[in-house]
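One letter stands for each residue in the lines below.
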Amino acid sequence: MIGLISATAAGAAARDRLAAAWPDRTRVYDGPVADAVRRAFAECEQLVCFLATGAVVRIVAPLLADKASDPGVVCVDEAGRFAVSLAGGHGGGANALAREVGEVLGAEPVVTTATDAVDLPGLDTLGLPVEGEVAAVSRALLDGEPVALRAEVAWPLPPLPVAAEGAYTIRVTDRLVEAAEREVVLRPPSLVVGVGASSGVPAEEVLELVGSALREAGLSARSLAALTTVDAKAEEPGVVEAARRLGVPLVTYPAGELSGVEVPNPSDAPLAAVGTPSVAEASALLRGGELLVPKRKSQRADGTPAMATCAVVRRPGRGRLAVVGLGPGARDLLTPRARAELRRAAVLVGLDQYVDQIRDLLRPGTRVLESGLGAEEERARTAVEEARKGQAVALIGSGDAGVYAMASPALAEASDDIDVIGVPGVTAALAAAAILGAPLGHDHVSISLSDLHTPWEVIERRVRAAAEADIVVTFYNPRSRGRDWQLPKALAILAEHRAPGTPVGVVRNASRPDESSRLTTLGALDPATVDMMTVVTVGNTATRDIAGRMVTPRGYRWQTAQEGAR
C-alpha cells in the first residue's frame with residue numbers, strides 16, 4: 001500500500017489525482033502532517049508526500065532503520081513539477097515509484113541513486129537475494145573497474161558491464177558459500193524441494209528435514225524456488241505451513257503425472273497411499289533438472305517412524321526471449337513495455353536499421369547482434385540460441401513483431417525450454433489509419449504483396465476473397481523495384497467489385513520525420529508512386545471521403561441513415 005500525505009489545498013489536489021489513478025494501491029492519511037507521515041511509515045510499503053523535502057527529512061529521519069526494510073519515500077512539490085525519490089530508492093522501490101508518479105502527474109522524476117543516474121541496474125534490484133559488498137562492487141561498476149561475472153548457475157540477468165577477470169566479482173550461485181572480499185553473491189531461485197508427507201506431519205518436521213538436506217548438500221535456502229508434492233497433499237497443514245514459513249509456493253501435481261517420472265528410489269508405500277511410487281523425487285524432477293539430494297527421511301527424536309521425505313533438484317535457469325515490436329518508427333509510439341524489455345535485455349538481436357533506432361535506449365553492457373535485410377530466419381535462430389544459454393534476450397522488429405515480422409520465425413524455432421514474452425507494438429496499418437482518418441472502422445484485413453515467401457497464387461486468392469467479401473484491405477510490401485506488377489494486379493482484382501471512386505489512402509513512412517500521406521481513389525491511384533515504405537489502404541463500398549478524411553462507418557445502417565438525410 002502507498003500512503004499519501006499532503007498539507008495544503010494544492011498538495012491535496014495532486015494527492016487526489018494520484019488516489020483516483022491508483023484506487024487499489026493508495027491510502028490517504030489525514031490529520032496533522034507529522035503524525036500522518038509517521039502512521040503511513042509504519043503501515044505502508046511506500047509513501048508519497050506532497051510536502052517540502054526538508055520537512056519530510058526531519059519527520060522520517062528518526063524512523064529510518066534499514067534500507068532493505070524501510071518504506072520508499074517520494075516527495076512531490078505542491079506545483080506537481082518534480083517527484084523526488086527521497087529514501088529507499090532501491091529497497092523501498094522509491095526510484096520506480098517516482099517515475100510512476102511522474103507519469104500520472106506529469107512531473108519530472110528526480111532520482112539521484114548512482115546506478116540509476118548512469119543507467120546501470122542496481123545489484124539489489126535484480127529480484128534476487130543478494131549478499132556481500134553490494135556498495136563496493138556497485139562502485140566498481142560505476143567507476144569502470146573490471147568486475148568479473150562468475151555464473152555457477154546460468155540465469156537471465158539484465159545487462160551488466162562485466163569482464164572475464166577483475167578485482168571485484170559478481171557470483172551467481174545456489175551453493176552455501178559466504179561472499180568473499182570485494183564480492184557480491186546473487187542467489188537465483190534454482191532449487192526445488194519435493195516433499196512427501198504422512199497425514200498430520202508437523203510443519204517443524206518438514207522444515208527441519210528441508211533445512212538439513214540443503215545444509216548437508218552445501219546449498220543455500222535463499223535459492224529455494226518452491227516446495228512440490230502430490231495433489232493429495234495440497235492441503236496438508238504441516239506442508240502448507242512449511243511452504244509459508246519458507247516463503248515459497250507449494251506446487252502440487254496429480255499422482256498420474258508423478259507415476260510416469262523415473263526416479264532412483266521408488267517405494268510401495270506412497271503407491272498404496274496416494275497412487276504413485278514416488279512423491280518427493282518425482283515431484284521435484286517432473287519439470288526437469290538435476291537430482292542433487294535423493295530421497296531422504298526425516299529423523300524423529302523419539303524414534304517413531306518418519307512422517308516426511310524430501311529430495312532436492314536443481315533446475316537450470318530458463319532463458320528469456322522477449323519478442324519486441326518497436327512500432328512504426330516514432331519514438332513516442334514505442335510502448336513503455338517495449339522500453340522496459342529493451343532495458344532488461346542482456347542480448348539484443350535485430351535488423352541493423354532497427355537497432356539504430358533504439359540503440360540509445362540500451363543499457364551499458366548490452367550485447368548487440370545485428371544483421372542486414374534478408375537474414376530474418378538467422379536472427380530468429382540466433383535469438384533462440386542465446387536464450388537457451390540462459391540469457392535475457394530481446395528480438396526486435398518494426399510495428400508489431402507478430403505482424404509480418406520476427407515473432408513467427410522465432411516461435412517456430414523456440415521450444416518449451418525457454419520463456420517467451422510477446423511485446424505488442426503499433427503496426428504500420430494502425431499508424432497509417434490514424435493519419436488517414438478512420439478507414440478501419442469496420443472489418444478489415446492486412447495482406448502482404450511480397451511473394452518472396454508466399455506463392456503469388458495464394459496471395460491472389462486472398463485478395464480476391466477480400467474483394468468479394470467487401471472488406472477494407474491494407475497492403476503491406478506493396479511494390480519494390482523487383483516487384484512492380486503485384487500491386488496493379490491486386491488493385492485490378494479489387495476494381496472488379498468496387499467502384500473507381502472507392503477511397504484509397506496512401507501513407508509513406510508513417511510517424512517518421514519524412515512522413516507523407518494522400519487520399520486518392522481506386523481509379524486514380526498510380527502504382528508507380530508507391531514503394532516498400534508505403535502502406536496502401538483500400539476502402540470497402542461504404543468507405544467515404546469526409547472532409548478530406550477516409551472514413552469507414554462502424555455499421556452500414558449509419559451510412560444508410562446519413563445518405564437518406566441528404
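The coordinates are above.
Here the structure is a predicted model, which means the values were calculated and not measured. (Residues numbered from 1 in each chain as written. Predicted model: local features only at pLDDT ≥ 70, side-chain atom pairs only at ≥ 80, totals over all residues. Heavy atoms only, no water.)

Trainee: Looking at this structure, how should I read the sheet that holds strand β23 (residues 472-476)?
Mentor: What holds strands together in a sheet is hydrogen bonding between their backbones, with the strands either parallel or antiparallel. Read across the sheet, five strands follow the order β22-β23-β26-β24-β25 without closing on themselves; strand pairing throughout is mixed. Edge strands, defined here as strands with exactly one partner in the open sheet, are β22 (444-448) and β25 (516-521). With direction set aside, neighbouring strand axes in the sheet form an average angle of 20°. As paired strands, β22 and β23 are joined by five bridges and run parallel to one another. Bridged to Ile-447 within β23 is Phe-475. Against the sheet, helix α17 (residues 456-468) engages β22 and β23, with an angle of about 160° to β22. The strands touched by helix α18 (residues 486-495) within the sheet are β23 and β26 (534-538), with β23 carrying the most contacts at an inclination of about 175°. (Pairing = 2+ DSSP bridges. Helix = DSSP H or I, 4+ residues; strand = E, 2+ residues; numbered from the N terminus. Axes fitted to C-alpha atoms, helices over the stretch in contact; angles between N-to-C directions. Contact = heavy atoms within 4.5 Å.)

Trainee: Teacher, can you tell me more about the layout of surface pockets here?
Mentor: Summary: where empty space remains is shown by rolling a probe the size of a single water molecule over the atoms. Volume-wise, the second largest pocket comes out at about 1,500 Å³. Those elements giving two or more residues to the lining of the second largest pocket turn out to be α13 (352-358), α14 (376-388), β19 (392-397), β22, α17, β24 (503-508) and β26. The greatest single-element share of the lining of the second largest pocket, amounting to three residues, is contributed by α14. (1 Å grid on protein atoms, 1.4 Å probe; cavity = no way out; pocket = protein on both sides within 12 Å on 5 of 7 lines; lining within 4 Å. Points joined across faces, edges and corners; volume = space filled by probe spheres on them.)

Trainee: Explanation requested: the pattern of salt bridges in the structure shown.
Mentor: Think of it this way: side chains of opposite charge can pair up when their charged atoms draw near. For the coordinates displayed, the defined rule picks out 35 salt bridges. One salt bridge in this structure joins Arg-287 and Glu-257, with 3.9 Å as the shortest N-O distance. Residue Arg-287 is located in the loop between α11 (280-285) and β14 (290-297), and its partner Glu-257 is located in helix α9 (residues 255-259); the two are separated by 30 residues in the primary sequence. Members of the salt-bridge network, linked through shared partners, are Arg-150, Glu-152, Arg-171, Arg-175 and Glu-183. (Salt bridge = Lys/Arg side-chain N within 4 Å of Asp/Glu carboxyl O.)

Trainee: Would you mind showing me how to read the side chain of Asn-95 here?
Mentor: Examined against the element boundaries, Asn-95 turns out to sit in helix α4 (residues 94-105). The class for Asn-95 is buried, based on a relative accessible area of 2%. At a separation of 2.6 Å, a polar atom in the side chain of Asn-95 contacts the side chain of Ser-85. (Buried < 20%, exposed > 50% of the residue type's maximum accessible area, 1.4 Å probe, protein only. Polar contact = N/O pair within 3.5 Å; in protein donor to acceptor, adjacent residues only side chain to side chain.)

Trainee: It is not clear to me how the environment of Asp-484 should be interpreted in this structure. Could you clarify?
Mentor: Structurally, the position occupied by Asp-484 is in the loop between β23 and α18. Expressed as a C-alpha distance, the spacing of Asp-484 and Gly-319, which sit 165 residues apart in the sequence, is 43 Å.

Trainee: Any chance you could explain the sheet that holds strand β8 (residues 147-151) here in plain terms?
Mentor: The sheet built from four strands is open, its strands ordered β7-β10-β9-β8 with mixed pairing. Here the strands that pair on one side only, and so sit at the sheet edges, are β7 (130-132) and β8. The sheet shows a mean angle of 20° between the axes of neighbouring strands, taken without regard to direction. Pairing analysis gives four bridges linking strand β9 (residues 168-172) to strand β10 (residues 183-186), with the strands arranged parallel. Paired with Thr-169 across the two strands is Glu-183, which belongs to β10. Across the sheet, helix α6 (residues 134-143) is in contact with β7, β8, β9 and β10; its angle to β9 comes to roughly 115°.

Trainee: For this particular structure, what's the right way to read the packing of aromatic side chains?
Mentor: Two aromatic rings, taken as a pair, are described by how far apart their centres are and by the angle between their planes. For the structure on display, the rule yields two aromatic pairs. On the numbers, 4.8 Å between centres and 50° between planes, the contact of Tyr-404 with Tyr-476 is tilted. Taken as a pair, Tyr-404 in the loop between β19 and α15 (407-413) and Tyr-476 in strand β23 lie far apart in primary sequence, 72 residues in all. Consider the rings of Trp-456 and Trp-485, whose centres lie 5.0 Å apart with planes at 70°: the pair is edge-to-face. On the criterion of sequence distance, the pair formed by Trp-456 in helix α17 and Trp-485 in the loop between β23 and α18 is long-range, its members being 29 residues apart. Here the guanidinium or amino end of Arg-25 rests over the ring plane of Trp-22, the centre of that ring lying 4.3 Å away. (Phe/Tyr/Trp six-rings, centres within 6.5 Å; stacked < 30°, edge-to-face > 60°. Lys NZ or Arg CZ within 6 Å of the ring centre and 35° of its normal.)

Trainee: I tried to follow helix α16 (residues 428-436) on my own but got confused; where do I start?
Mentor: An α-helical segment advances 3.6 residues per turn. Residues three or four places apart therefore align on the same side. Along α16, the positions that sit buried rather than exposed are Ala-429, Ala-431, Ala-432, Ala-433 and Leu-436. Gly-437 occupies a position one or two residues after α16 and carries a positive phi of about 140°.

Trainee: Would you take a moment to explain α18 for this structure?
Mentor: Looking at α18, one finds that the buried residues are Gln-486, Leu-487, Ala-490, Leu-491, Ile-493 and Leu-494. Take α18 and look down its axis: the buried residues cluster within an arc of 155°, on one side only. Check the buried side of α18 and you find it contacts α17, β23 and β26. (Arc of directions from axis to C-beta.)

Trainee: Can you walk me through the nonpolar core in this structure?
Mentor: Taken as a class, soluble globular proteins show a tendency for nonpolar side chains to be buried jointly. If you look at the biggest cluster of nonpolar residues, it comprises 23 residues, and the most contacted ones within it are Val-193 and Leu-227. Elements represented by at least two residues in this core include exactly β11 (191-197), α7 (203-216), β12 (224-230), α8 (237-246) and β15 (308-314). With six residues, the top contributor of residues to this core is α7. Residues contacting Val-193, with those up to four places away along its chain left out, are Val-210, Leu-214, Leu-224, Ala-226, Leu-227, Thr-228, Cys-310, Ala-311 and Val-312. Counting residues in each nonpolar core, the second largest holds 21 residues, with Phe-475, Leu-522, Val-530 and Val-536 among its members. (Core = buried A, V, L, I, M, F, W, Y, C linked by side-chain atoms within 4.5 Å.)

Trainee: I would appreciate a short explanation of the pairing of β26 in the present structure.
Mentor: For a regular strand, side-chain orientation follows a simple rule: the groups alternate between the two sheet faces. Counting buried positions along β26 yields five of five residues, so the element is predominantly enclosed. Here β26 shows a buried face lined by Thr-534, Val-536 and Val-538 and a second buried face lined by Val-535 and Thr-537. Taken together, the three bridges between β23 and β26 define a ladder with antiparallel strand orientation. The partner of Thr-474 across the bridge, within β26, is Thr-537. Relative to β26, β24 runs antiparallel, the two being bridged by five bridges. From the neighbouring strand, Arg-508 faces β26, where its bridge partner is Thr-534.

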